[in-house]
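Fold and geometry: a report
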Amino acid sequence: AAENACRIALGQANQVRPKLPLLKILQAAGAQGETFTLKEVMHYLGQYIMVRQLYDKRQQHMVYCGGDQLGELLGLESFSVKDPSPVYEMLKRNLTSAAV
Ligand SMILES: C[C@@H](c1ccc(Cl)cc1)n1cnc(-c2ccccc2)c1-c1c(C(=O)NCCN2CCN(C3CCCCC3)CC2)[nH]c2cc(Cl)ccc12
């Protein structure tokens, strides 16, 4: 029915399309495809940080991304997961809406 069609359309509406440098990072963390929800983007970025061991083993909220593509995208050597603002700024620059 109409509301289902609308729900499906809205469901698609919250998909985002990462620009190539970010897409490569997400794919390195196991992402498939080219459009994702923001939640999926965050999940894969977290996975990337873990598999690349970019977080500090003792201070696990600190991410040292200097020298990694992630650091290139963020324009940072390090950041704390307690202050997500640099990550959101980077996403604004590297995500486009995938609305058809
Ligand atoms: C609240 C959330 C968050 C999410 C977004 C932001 Cl911008 C900040 C913070 N968060 C809290 N700690 C982390 C984290 C910390 C160290 C290593 C990996 C992830 C995350 C991040 C997740 C995530 O999807 N988190 C799921 C649960 N995490 C708990 C922490 N766990 C690890 C902590 C280090 C030791 C191993 C487990 C992994 C699963 N995605 C992210 C992507 C980035 Cl660019 C940065 C950080 C995260």
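Given the structure is predicted, the values throughout are model-derived calculations rather than measurements. (Residues numbered from 1 in each chain as written. Predicted model: local features only at pLDDT ≥ 70, side-chain atom pairs only at ≥ 80, totals over all residues. Heavy atoms only, no water.)

Points about the site of the ligand
Around the ligand, the surrounding shell consists of M42, H43, L45, G46, I49, M50, Y55, Q60, V81, P84 and V87. M42 has a polar backbone atom sitting 2.9 Å from a nitrogen atom of the ligand. Ranked by residues supplied to the shell around the ligand, first place goes to helix 3 (residues 38–51) with six residues. Classifying every residue of the shell around the ligand gives eight nonpolar, three polar and no charged. (Near = heavy atom within 4 Å. Polar contact = N/O pair within 3.5 Å; in protein donor to acceptor, adjacent residues only side chain to side chain. Helix = DSSP H or I, 4+ residues; strand = E, 2+ residues; numbered from the N terminus. Nonpolar A, V, L, I, M, F, W, Y, C, P; charged D, E, K, R; others polar.)

Some thoughts on the layout of surface pockets
Taken as a whole, the largest pocket holds about 280 Å³ of empty space. Lining the largest pocket are 17 residues, with G46, I49, F79, V81 and V87 sitting closest to its centre. (1 Å grid on protein atoms, 1.4 Å probe; cavity = no way out; pocket = protein on both sides within 12 Å on 5 of 7 lines; lining within 4 Å. Points joined across faces, edges and corners; volume = space filled by probe spheres on them.)

Quick notes on the confidence of the model for the chain
Of all residues in the chain, 86% attain a pLDDT of 70 or more, and the chain-wide mean is 92. On the interface metric, ipTM, the complex scores 0.98, and its pTM is 0.91. (pLDDT = per-residue confidence, 0-100.)

Quick look at helix 5 (residues 85–94)
Burial in helix 5 covers these residues: V87, M90, L91 and N94. Viewed along the axis of helix 5, the buried residues span an arc of 100°, placing them on a single side of the element. If you follow the buried residues of helix 5, they end up packed against strand 1 (16–18), helix 2 (20–28), helix 3, helix 4 (69–74), strand 3 (78–80) and strand 4 (95–97). (Buried < 20%, exposed > 50% of the residue type's maximum accessible area, 1.4 Å probe, protein only. Arc of directions from axis to C-beta. Contact = heavy atoms within 4.5 Å.)

What to know about the side chain of N94
In this structure, N94 sits in helix 5. According to the relative accessible area criterion, N94 is buried, its value standing at 8%.

Remarks on the environment of A29
Considering the arrangement of structural elements, one finds A29 in the loop between helix 2 and helix 3. Taking the relative accessible area as the measure of exposure, A29 reaches 17% and is therefore buried. Sequence spacing of A29 and V51 is 22 residues, and the spatial spacing of their C-alpha atoms is 7.4 Å. When near neighbours in sequence (up to four residues on either side) are disregarded, A29 contacts Y44, Q47 and Y48.

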